[in-house]
Number of protein chains: 2
Amino acid sequence: MGKNLTCEITCIHTEIVNKIKSKMLDDEEVTKISSLFKALGDPTRFKILYCLRFREMCVCDISAILNLSQSATSHQLRVLRNLRLVKYRKEGKMVFYSLEDDHIFRILDEGLNHIKHD
Amino acid sequence: MGKNLTCEITCIHTEIVNKIKSKMLDDEEVTKISSLFKALGDPTRFKILYCLRFREMCVCDISAILNLSQSATSHQLRVLRNLRLVKYRKEGKMVFYSLEDDHIFRILDEGLNHIKHD
DNA sequence: TAAATATATGAATACATGCTCAATTGTTGT
DNA sequence: ACAACAATTGAGCATGTATTCATATATTTA
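Residues numbered from 1 in each chain as written. Chains lettered and ligands numbered in written order. Predicted model: local features only at pLDDT ≥ 70, side-chain atom pairs only at ≥ 80, totals over all residues.

Participant: Which residues make up the overall build of chain A, and what values do they have?
Facilitator: What chain A contains, in helices and strands, is 7 helices and 3 strands. Taken over the C-alpha trace, chain A has a radius of gyration of 20 Å; the compact-globule value for 118 residues is 13 Å, which it surpasses by more than 25%. If you line up chain A on its principal axes, its C-alpha atoms span 65 × 35 × 25 Å. (Helix = DSSP H or I, 4+ residues; strand = E, 2+ residues; numbered from the N terminus. Rg over C-alpha atoms; globule rule 2.2 N^0.38 Å.)

Structure below.
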């Protein structure tokens, strides 16, 4: 519990803590941004987005590429849809997914840069 | 299971699937990069990194800022340490943590940009 | 050396999450 | 209208994971 932290812990640098606290993002922002990263943090979802980097694709093709059941693919696409990371368009029985905007591109690329440097 | 996907599903665009499959990252790369994003995908860990964006800090101060127990803070710092997202330096009883390199900065910023645009 | 302090760690628990399976919706073609 | 098909959805299950609690380690100070 946070309530009694001030009793248990004594090494706090009060000025620093207050200064950084004032710069901290509010909870809503933190929730938003960590949801975004959490979405990219699952290998399946990352692969889906990485595929869609090249072109729009139907659910069927995505599941074939990932070697994943079509149901599981669809479930994950819903997560990405809810976070507005992908958009879709219907064409007959099929649904084509694509990346929502260019930001996603850049975030994926920063991640790729990071592991290349490691 | 992926084994019988080709039997169950019939709408696959074979050329596209093969083309994208050849461009797909290998599993090791995907694991690496999604581990990175997963680390940022937890609100607590994101806050820790966001704090460290401003300056190095001791465990005690971090836990005070986040209003989180010292133990929980330490556990999460270990995760970040193992992923080489943070480094640390000892000074007496205290341990000061800081961001490992500038890449982390940029990734955090891309994420922030994204939610600002939403 | 003993007490106090800062951090780390292991076990346990409560909760989140990704997949499968079964069933459903919506569209096309006969 | 009916069968086939692409995709979605809900329930259930098995696995992960974030926190807490208790304890251990390491450093400083008395």
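Participant: Which residues make up the protein's contact with DNA strand C, and what are the values?
Facilitator: Around DNA strand C, the surrounding shell holds 28 residues, and the nearest of these are A:Cys11, A:Ser69, B:Cys58, B:Cys60 and B:Lys93. Those elements giving two or more residues to the surface near DNA strand C turn out to be helix H6 (70–82) of chain A together with helix H5 (59–66), helix H6 (70–82) and strand E3 (94–99) of chain B. Of the residues forming the surface near DNA strand C, the biggest block, 6 residues, is contributed by H6(B). (Near = placed C-beta within 6 Å.)

Participant: Give me the lowdown on the environment of B:Lys87, citing residues and values where you can.
Facilitator: With respect to the element layout, B:Lys87 can be found in strand E2 (residues 86–91). Apart from residues no more than four positions distant in its own chain, B:Lys87 is found in contact with B:Ser98 and B:Glu100. (Contact = placed C-beta atoms within 7 Å.)

Participant: Please provide a residue-by-residue account of the interface of chain B and chain A, values included.
Facilitator: Listed per partner, the contact involves 52 residues of chain B and 52 residues of chain A. Broken down by secondary-structure element, the contributors of at least two residues to the side of chain B that touches chain A are helix H2 (14–23), helix H3 (27–40), helix H4 (43–52), strand E1 (57–58), H5 and helix H7 (102–116) of chain B. The biggest single contributor to the side of chain B that touches chain A is H3(B), with 10 residues. For the side of chain B that touches chain A, the residue count by class is 29 nonpolar, 13 polar and 10 charged. (Nonpolar A, V, L, I, M, F, W, Y, C, P; charged D, E, K, R; others polar.)

Participant: Before we move on, can you summarise the relation of the copies chain B and chain A with the specific residues and values?
Facilitator: For these two chains of identical sequence, chain B goes onto chain A by a turn of 180 degrees and a shift of 0.0 Å along the axis, with RMSD 0.0 Å. Viewed as a symmetry operation, the transformation between the two copies matches a two-fold axis. (Least-squares fit on C-alpha atoms with pLDDT ≥ 70 in both.)

Participant: An account of the environment of B:Ser71 is needed here, citing residue identities and associated values.
Facilitator: Its location among the elements puts B:Ser71 in helix H6. Along the chain, B:Ser71 and B:Val59 lie 12 residues apart, while their C-alpha atoms are 9.4 Å from each other.

Participant: Any details on unusual backbone geometry? Residues and values, ideally.
Facilitator: Not every positive phi belongs to a glycine, and A:Asn67 is a case in point at roughly 60 degrees. With respect to the helices and strands, the residue A:Asn67 is situated in the loop between helix H5 (59–66) and H6. Phi is positive for B:Arg84, close to 55 degrees, though the residue is something other than glycine. Under the C-beta neighbour-count criterion, B:Arg84 is labelled partly exposed, with 13 such atoms within 10 Å. (Buried ≥ 20, exposed ≤ 12 C-beta atoms within 10 Å, placed from the backbone.)

Participant: Mind laying out the confidence of the model for chain A, listing which residues take part and the relevant values?
Facilitator: Parts of the model with low pLDDT should not have their predicted coordinates read in detail. Across chain A, pLDDT averages 91, with 92% of residues at or above 70. Every residue in residues 1–8 of chain A is under pLDDT 50, and counting partners more than four places away or in other chains gives 5 contacts. (pLDDT = per-residue confidence, 0-100.)

Participant: Help me get a handle on the packing of helix H4 (residues 43–52) of chain A against H5(A), residues and values and all.
Facilitator: Residues and elements named next belong to chain A. Two numbers describe how H4 lies on H5: the axes approach to 10 Å, and their chain directions differ by 120 degrees. Taken as axis vectors, H4 and H5 run oblique relative to one another. The handedness of the crossing between H4 and H5 comes out as right-handed. Residues Thr44, Lys47, Ile48 and Cys51 of H4 touch H5, and the partners they reach there are Ile62, Ile65 and Leu66. In terms of residue class, the contact of H4 with H5 is made up of 5 nonpolar, 1 polar and 1 charged. (Axes fitted to C-alpha atoms, helices over the stretch in contact; angles between N-to-C directions. Parallel < 35°, antiparallel > 145°, perpendicular 65-115°, else oblique. Left-handed = near helix turned anticlockwise from the far one by under 90°.)

Participant: So what's going on with the protein's contact with DNA strand D? Which residues, and what values?
Facilitator: In the region of DNA strand D, 27 residues are neighbours, and A:Cys58, A:Cys60, A:Lys93, B:Cys11 and B:Ser69 sit closest. Of all the secondary structure elements, the ones that give two or more residues to the surface near DNA strand D are H5, H6 and strand E3 (94–99) of chain A together with H6 of chain B. When grouped by side-chain class, the residues that make up the surface near DNA strand D number 12 nonpolar, 11 polar and 4 charged.

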